[in-house]
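For reference, the chains in residue letters:
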Amino acid sequence: MTDDTSPHRSRRHRQSRRTPPGAPPGTLIADPAAQRPKITVIAYGEDALEEHAIAEPEELKNIAGRHAVTWIDVEGLGDVDTLNRLGEIFGIHRLALEDVINVYQRPKVEEYDDHLFVVTRMAQLDGMLDTEQITLFLAANTVITFQEKPGDCFEPVRARLRQKRGQIRTRRADYLAYALLDAVTDAYFPILEKYGERIEDIEARVIAKPDTNLIADIHGIKRDLLTLRRAVWPQREMINALARDTTPFIGEQTRIYLRDCYDHSVQLMDMVETYREIATGLTDIHLSSINTRLNEIMKVLTIIATIFIPLTFITGLYGMNFQTDKSPFNMPELSWYWGYPYALSLMAAVAGMLLIYFIRKGWIGGSRKRKRNRRHTDRPQK
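Parameters at a glance
Residues numbered from 1 in each chain as written. Predicted model: local features only at pLDDT ≥ 70, side-chain atom pairs only at ≥ 80, totals over all residues. Heavy atoms only, no water. Helix = DSSP H or I, 4+ residues; strand = E, 2+ residues; numbered from the N terminus. Expected span 1.5 Å × (residues − 1). Buried < 20%, exposed > 50% of the residue type's maximum accessible area, 1.4 Å probe, protein only. Arc of directions from axis to C-beta. Axes fitted to C-alpha atoms, helices over the stretch in contact; angles between N-to-C directions. Parallel < 35°, antiparallel > 145°, perpendicular 65-115°, else oblique. Left-handed = near helix turned anticlockwise from the far one by under 90°. Contact = heavy atoms within 4.5 Å. Salt bridge = Lys/Arg side-chain N within 4 Å of Asp/Glu carboxyl O. Core = buried A, V, L, I, M, F, W, Y, C linked by side-chain atoms within 4.5 Å.

Structural notes on helix H6 (residues 188-208)
Thinking step 1. In a regular helix each residue adds 1.5 Å, so 21 residues correspond to 30 Å; H6 covers 30 Å between its end C-alpha atoms and thus fits that length.
Thinking step 2. Listing the buried residues of H6 in full gives Tyr-188, Phe-189, Ile-191, Leu-192, Tyr-195, Gly-196, Ile-199, Ile-202 and Val-206. Buried residues of H6, viewed axially, fall in a sector of 150°; they line one side. Along H6, exposed side chains directed more than 90 degrees from the buried face belong to Glu-197, Glu-200 and Ala-208.

Examining the packing of H6 against helix H8 (residues 252-318)
Thinking step 1. Where H6 meets H8, the closest approach of the two axes is 10 Å, and the angle between their N-to-C directions is 15°. When the axis of H6 is compared with that of H8, the two are roughly parallel. Remark: the crossing between H6 and H8 carries left-handed chirality. Touching Tyr-188, Phe-189, Leu-192, Gly-196, Ile-199, Ile-202, Glu-203, Val-206 and Ile-207 of H6 are His-264, Gln-267, Leu-268, Met-271, Val-272, Tyr-275, Ile-278, Leu-282, Ile-285, His-286 and Ser-289, all from H8.

A short note on the pattern of salt bridges
Side chains that differ in charge, positive against negative, can pair when their charged atoms come close.
Thinking step 1. This structure, assessed with the given rule, holds 20 salt bridges.
Thinking step 2. For the salt bridge of Lys-108 with Asp-99, the shortest nitrogen-to-oxygen distance reads 2.9 Å. The two residues Lys-108 and Asp-99 agree in class, both being buried.
Thinking step 3. For Glu-252, the salt bridge is made with Arg-255, and the minimal N-O distance between the two is 3.6 Å. Of this pair, Glu-252 and Arg-255 both sit in helix H8, three residues apart, roughly one helical turn.
Thinking step 4. Since its relative accessible area comes to 5%, Arg-255 is described here as buried.

What about the nonpolar core?
Thinking step 1. Judged by nonpolar contacts, the single largest core of 59 residues is most densely connected at Trp-71, Leu-138, Leu-176 and Leu-228.
Thinking step 2. The element contributing the most residues to this core is helix H7 (residues 214-244), with eleven residues.
Thinking step 3. If near-sequence neighbours (up to four positions away) are discounted, Trp-71 is found in contact with Thr-40, Val-41, Ile-42, Val-143, Thr-145, Phe-154, Val-157, Arg-158, Leu-161, Leu-176 and Leu-180.
Thinking step 4. Membership of the second largest hydrophobic core comes to 25 residues, among which are Leu-28, Ala-43, Leu-83 and Ile-144.

Structure, rendered in C-alpha cells:
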C-alpha cells in the first residue's frame, strides 16, 4: 500500500492541482482536499487595534477603512467562491489569484496597478521538512496574506501588534509586509540549525563507526537541503527586488529594513550551501571509511593466510606416507623420538618469525606504532 504522506506521493498530488493545459488565464481550480478558508483580520493604528474572525468576505468592507492599516489573513484555499469575492472586493488581479491557488509557485514579486503581489515560501520541520506557499498582497493601507493551511511563523508579528511593541503600530502597511517577510526568513534559521546538528551527529558516526544505514540518512539530508535551496535562492532575489526597485507601495524608510532582510537571506543561502558541501563530503568520507575498514579486514585475513601457508606446507610434508625402512632419506625423523615436538616447534618458529617480520614492516600494529611516534615527536625537547 502506498503511503499518502510520502514525499513522492505529495509531489504527485501537488502536480495534479495545476491548471489544465489550455485553460483560460485566471482560471481558479481549488484542491478538493484543501481546507476551507478561515479569514482573520487585524486592523490597527497607533492608538487602537481590533481583531476579528470573519465569516463572510463582505464584512471586510466595514472594517478596512476604520484604521490606518488592515491585515487580512486567509488560512485555507479550498473555496474558489471565497477567493473570487475577496478578489472583487480588493481589486486583486485574476492572474494573481490563479497564482494564489496554484501553490507550486517559486518566490517572486509582481507589481499591478492597485497592489503589489509577493510569493514566498515558509519552511516547517515537524519530523519531515515541508515548505508552504505564502502569498501576500500589499496595497496602500491593506495587507492580505493567503496560506495553504493553519499554522505559521507570524505569531511574533501578531504579538508585537497586540502589545504595541516596537514601531510597527506607527508605520504604514509596507512595514507590516516587511515584518511578515522577515518572520518567514528568520524561521529558516532554527531549521538549518537542526540540520547542522544532524550533520554533526552523522559526521561523528561516520568517523567512529561507519554503517551502511548512514547513506540513507545522508541522502535524506541532501534532499532536504536541496528543497531549502530551491526556496531560499529565489526568495533572496525576491527580497532584493523589493529593496532595490522603485515602487509606490514601499517607502524609502522600509527599504532600509528590507535590505537587512536581504542580508538575512544571503546568510541563509550561505548556510544552505555550506551544509550541502559538508553533506556531499560526508558521502565521500563514508565511502572512504567503508573501504578503509574493508582493507583492514582484508589485511588481517591476508596476514592469517600468509602465516598458515608455510605451516600448511610443513604439515602436508610431514603428512606424506614415507617408509623409512625402504630408504634412509625417506624422512628419518618420522621414526625419531623427538620428531613430533620438532615439527610443532618448527611451525611455531616459522609463525613467530613471520609475525616479527610483519610487525617490523608496520603491517601489524602500525597505527599504534604511528601514535607512539607522534607522541614522541610532540614531546617538548629539553
